[in-house]
Amino acid sequence: MSFTPEQFKEMSERLGEVKSEIGKFIVGQNEAVEFCLYSILADGHALLEGLPGLGKTMLIRTISEVLDLSFSRIQFTPDLMPADITGTSILERNEEGMQRFAFKKGPIFSQMVLADEINRATPKTQSALLEAMGENTVTVLGETRQMARPFFVLATQNPIEMEGTYPLPEAQMDRFMCKILLPYPKKSELKEIVLRTTGSQKIQIGKVMNAEDIVTAQEMVKEVIIADEMIDYAVDLVAATHNKTGSAEEWTKYVQYGSGPRGLQSIIKLAKARALIAGRFHVSIMDIKSVAKPALRHRILMNYEGEAEGIEIDDLIGKLIKEVRQGESAR
């Protein structure tokens, strides 16, 4: 192991400070904050689904300020072109009067990118973002350019407005490490939101970490220990989502397709990130159970009967978590 226990402990404490600093401005939404941080530490990307006005933009902007990372927001619309995201080459004239092509970077080259309402853009434009997410590169006019490090995309979807949208295909949804659901704030949280945002006092957000610290934390996540029993439990959990092997009758009845290998990889990576933030050097069974729903909910396809009866995929995953048993050594 290239990091000492003291370094792990110090990093865990700093990540705790990050959560506290974010909490100074963002009210509630603990799951969204936690899984955004887990995804960043696991070097992945997140899909956030929530109604308009719940603070998706402020959430990612606040995280970028606390982590001292460059931020850009892309509002996806049907007329948005791939070049509006990646950038393009333009003809410039230098001091000698000679003309040459110069590449102007698009907003995708920031370290944290909010892809707002990604399902409103055409598939061609969506694919420009997904290349950067999957390969950490952007190819423009045959030339490939590397993305910044760290690089995190938070894409949002509006679950109620379906007119004029281009829903992401399942294969593209699979590229997101987790899908986070943003619920309505509670009554007490609504009051606190008003107090923090409508008064004259401006809340100051401190910079707790920087890009170099995040890259170091990402390397630490890779070194978090996971026992074979934990891996076996995660494998059993993902295998149970395949309707041919699932033990639950409801699963076979309502699910068309289960999760693939990326679901298993996401569970392990998110569980390791959760362990690091909690100050542990190893993954526990609760780490895996806690990240299972966000890691799997967008990788499981309901059949027509499941859609017609309004079956919630989170409820089915919850039943699987209870049914799939870990060995005595993993408890």
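Going by the structure above, here's the rest.
Treat the numbers as computed from the prediction; the structure is a model and nothing was measured.

Regarding the overall build of the protein chain
Along its length, the protein chain carries 14 helices and eleven strands. Against the compact-globule benchmark of 20 Å for 331 residues, the protein chain has a radius of gyration of 21 Å, which places it among compact chains. With the C-alpha coordinates aligned to their principal axes, the bounding extent of the protein chain is approximately 75 × 50 × 45 Å. Here the protein chain holds 331 residues, and the buried ones make up 49% of them. Within the protein chain, counting contacts between residues at least 6 apart in sequence, those at least 24 apart form 77% of the total. Here the protein chain has roughly 16700 Å² of accessible surface; of this, 51% comes from carbon and sulfur atoms. For the protein chain, the centre of its 39 positive side-chain charges and the centre of its 46 negative side-chain charges are spaced 3 Å apart.

Structural notes on the sheet that holds strand S5 (residues 112-116)
With respect to topology, five strands assemble into an open sheet ordered S2-S5-S8-S1-S9, the strand pairing being parallel. Both outer strands of the open sheet, strand S2 (71-75) and strand S9 (178-181), are each paired with one neighbouring strand and no more. With strand direction ignored, the average angle separating the axes of adjacent strands in the sheet is 20 degrees. The pairing of strand S1 (residues 46-49) with S9 spans four bridges and is parallel.

Re a negative patch on the surface
Taken together, Asp-228, Glu-229, Asp-232 and Asp-236 make up a surface patch of like negative charges. With respect to the helices and strands, the residue Asp-228 is situated in helix H9 (residues 228-239). Given the relative accessible area of 56%, Asp-228 is considered exposed.

Let's talk about the pattern of salt bridges
Within the structure shown, the criterion is met by 13 salt bridges. Between Arg-120 and Glu-117 there is a salt bridge, with the nearest N and O atoms lying 3.4 Å from each other. Residue classification places Arg-120 among the buried positions, given a relative accessible area of 13%. The closest approach of N and O atoms between Arg-297 and Asp-314, which form a salt bridge, is 2.8 Å. Here Arg-297, found in the loop between helix H12 (285-296) and strand S11 (301-302), pairs with Asp-314, found in helix H14 (residues 313-323); they are 17 residues apart in sequence, far enough to count as distant. Residues Arg-297 and Asp-314 agree in their burial class; the two are buried. In the salt-bridge network here, residues are joined through shared partners; they are Arg-149, Glu-219 and Lys-222.

Looking at helix H8 (residues 211-223)
Given a rise of 1.5 Å per residue, 13 residues ought to cover 18 Å, and the 19 Å separating the end C-alpha atoms of H8 matches this to within 8%. Of the positions making up H8, those classed as buried are Ala-211, Asp-213, Ile-214, Ala-217, Gln-218, Met-220 and Val-221. Tucked inside the fold, the buried residues of H8 contact helix H1 (5-23), helix H2 (30-41) and helix H11 (261-277). Capping the start of H8 is the job of one residue whose side-chain oxygen sits 3.2 Å from the backbone nitrogen of Glu-212: Asn-210.

Reading the values: rules and limits
Residues numbered from 1 in each chain as written. Predicted model: local features only at pLDDT ≥ 70, side-chain atom pairs only at ≥ 80, totals over all residues. Heavy atoms only, no water. Helix = DSSP H or I, 4+ residues; strand = E, 2+ residues; numbered from the N terminus. Rg over C-alpha atoms; globule rule 2.2 N^0.38 Å. Buried < 20%, exposed > 50% of the residue type's maximum accessible area, 1.4 Å probe, protein only. Contact = heavy atoms within 4.5 Å. Areas by Shrake-Rupley, 256 points an atom, 1.4 Å probe, with all protein chains shown as cover. Lys, Arg positive; Asp, Glu negative; His and termini not counted. Charge placed at Lys NZ, Arg CZ, Asp CG, Glu CD. Pairing = 2+ DSSP bridges. Axes fitted to C-alpha atoms, helices over the stretch in contact; angles between N-to-C directions. Patch = residues over 30% accessible without salt bridge, like charges linked within 9 Å, V, L, I, M, F, W, Y side chains within 5 Å. Salt bridge = Lys/Arg side-chain N within 4 Å of Asp/Glu carboxyl O. Expected span 1.5 Å × (residues − 1). Polar contact = N/O pair within 3.5 Å; in protein donor to acceptor, adjacent residues only side chain to side chain.

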